[in-house]
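Each chain, letter by letter, is given below.
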Amino acid sequence: MYFENTGLEDIRVDFTLLQDIMAKHGMTKEGQWDYERVTFDRKFDVREGRFYLRVFAYAVEGDIDAGDATVIVKKPVIGKYYYPFGVEYGEDEHFPEHLLKTCADILATIKSEIKAFEIQV
C-alpha cells in the first residue's frame, strides 16, 4: 500500500543527508542499494505480523556507492512479510490502523527534516 500525499514524493536531496535523516528514524538501507537506486526500510513486528515501511530513491546525479549522489525520493510504501515468499504490497493486504498512523507520523517527521535541505531545480 502506497502512502499518498506525504510530501516526500519527488523531493531532490543530497544522499548523505537523506541517509543520516533516515537512520535517525530507524530507516536503514542495509544491502538494498546499487549505484543508482536505494531502498530504506524499517521493520515492524506487531501482533498482526511483520511489516516493512519502505522509502525508495534514485540518483539523478552522482553515485550512491560513492556517497556523492543527489537523489529523488519516491512514494513510500508499506508491505506485509510472508515467510518464505517475501513482502507483499497488494491492495488486498490488511494493514493495522495503529501501524499506518505510526508510519504516517514517521514519514511526516522525515519530510519536515528533509524539506529544509531540498534541492530546487
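The numbering scheme is per chain: residues are counted from 1 as the chain's sequence reads. Selection of residues for local features in this predicted model requires a pLDDT of at least 70, selection of side-chain atom pairs for listing and counting requires 80 or more, and totals for whole chains, interfaces and linings are taken over all residues. The basis for the side-chain values is all heavy atoms of the structure; hydrogens and waters are excluded.

Caption draft 1: Expanded view of the overall build of the chain. Across its full length, the chain carries 2 helices and 6 strands. Comment: elements are numbered from the N terminus, with helices defined as DSSP H or I runs of at least four residues and strands as E runs of at least two. What you see in the chain, going N to C, is helices and strands ordered as β-α-β-β-β-β-β-α. If you line up the chain on its principal axes, its C-alpha atoms span 40 × 30 × 25 Å. For every residue, the accessible area (1.4 Å probe, protein chains only) is compared with the maximum for its type, and the residue is labelled buried under 20%, exposed over 50%, or partly exposed between those bounds. Scored against the burial criterion, the 121 residues of the chain give a buried share of 39%. Of all intrachain contacts in the chain linking residues separated by at least 6 positions in sequence, the fraction that spans at least 24 positions is 57%. By the convention used here, residues are in contact when the closest approach between their heavy atoms is within 4.5 Å.

Caption draft 2: Representation of the packing of aromatic side chains within the structure. Classification of ring pairs uses Phe, Tyr and Trp, with its six-membered ring standing for Trp, and accepts pairs whose centres are within 6.5 Å; under 30 degrees between planes counts as stacked, over 60 as edge-to-face, and the remaining range as tilted. Overall, the coordinates contain 3 aromatic pairs when judged by the stated rule. Here the guanidinium or amino end of Arg-54 rests over the ring plane of Tyr-52, the centre of that ring lying 5.4 Å away. The residue whose ring lies beneath Lys-75 is Tyr-2, and the NZ or CZ to ring-centre distance is 5.5 Å. Should the NZ of a Lys or the CZ of an Arg lie within 6 Å of a ring centre and within 35 degrees of the ring normal, that charge is described as sitting over the ring.

Caption draft 3: Broad picture of the nonpolar core. To qualify as a nonpolar core, a set must consist of buried Ala, Val, Leu, Ile, Met, Phe, Trp, Tyr and Cys residues joined through side-chain atoms within 4.5 Å. Counting 30 residues, the largest nonpolar core has Leu-18, Leu-53, Val-71, Ile-78, Ile-110 and Ile-114 as the members making the most contacts within it. Elements with a contribution of two residues or more to this core: α1 (15-24), β2 (37-46), β3 (49-61), β4 (70-73) and α2 (97-115). For this core, the leading source of residues is α2, giving 7 residues. Apart from the residues within four sequence positions on either side, Val-71 is in contact with Ile-11, Arg-12, Val-13, Phe-15, Leu-18, Ala-57, Tyr-58, Ala-59, Val-60 and Ile-64.

Caption draft 4: Region of the structure containing the pattern of salt bridges. The term salt bridge refers to a side-chain nitrogen of Lys or Arg lying within 4 Å of a carboxyl oxygen of Asp or Glu. Summed over all chains, the structure comprises 9 salt bridges. A salt bridge links Asp-41 to Arg-54; its shortest N-O distance comes to 2.6 Å. Here Arg-54 lies in strand β3 and Asp-41 lies in strand β2, a separation of 13 residues in the sequence. Take Arg-54: its relative accessible area is 13%, and that puts it in the buried class.

Caption draft 5: Focus on the side chain of Thr-6. You can see Thr-6 is positioned in the segment before β1 (12-14). Of note is the side chain of Thr-6, whose polar atom sits 3.1 Å from the backbone nitrogen of Leu-8. Other than its neighbours up to four places away in sequence, Thr-6 contacts Pro-76, Leu-107 and Lys-111. Polar contact is defined as a pair of N or O atoms within 3.5 Å, subject to the rule that within protein one atom must be able to donate a hydrogen and the other to accept it, and that residues adjacent in sequence are counted only when both atoms are side-chain atoms.

Caption draft 6: Seen up close, the packing of α1 against α2. Following both chains from N to C, one finds α1 and α2 inclined at 150°, their axes separated by 10 Å at the closest point. Comparing their axes, α2 and α1 come out roughly antiparallel. Both α1 and α2 take part in a crossing whose hand is right-handed. Of the residues in α2, those in contact with Leu-18, Ile-21, Met-22 and Lys-24 of α1 are Ile-110, Glu-113 and Ile-114. Split by residue class, the contact of α1 with α2 holds 5 nonpolar, no polar and 2 charged. Axis definition: a line fitted to C-alpha atoms, over the contacting stretch in the case of helices. Angles run 0 to 180 degrees between N-to-C directions. Angles are sorted into four bins: roughly parallel if under 35 degrees, roughly antiparallel if over 145, roughly perpendicular if 65 to 115, and oblique for all others. Crossings are classed by handedness, with left-handed meaning an anticlockwise turn of the near helix from the far one by less than a right angle and right-handed meaning a clockwise turn. Classification convention: Asp, Glu, Lys, Arg as charged; Ala, Val, Leu, Ile, Met, Phe, Trp, Tyr, Cys, Pro as nonpolar; all other residues, Gly among them, as polar.

Caption draft 7: Structural detail: the environment of Tyr-81. If you trace the backbone, Tyr-81 turns up in strand β5 (residues 77-82). For Tyr-81, a relative accessible area of 28% gives the class partly exposed. Beyond its immediate stretch of four places on either side in the chain, Tyr-81 contacts Arg-50, Tyr-52, Gly-86 and Val-87.

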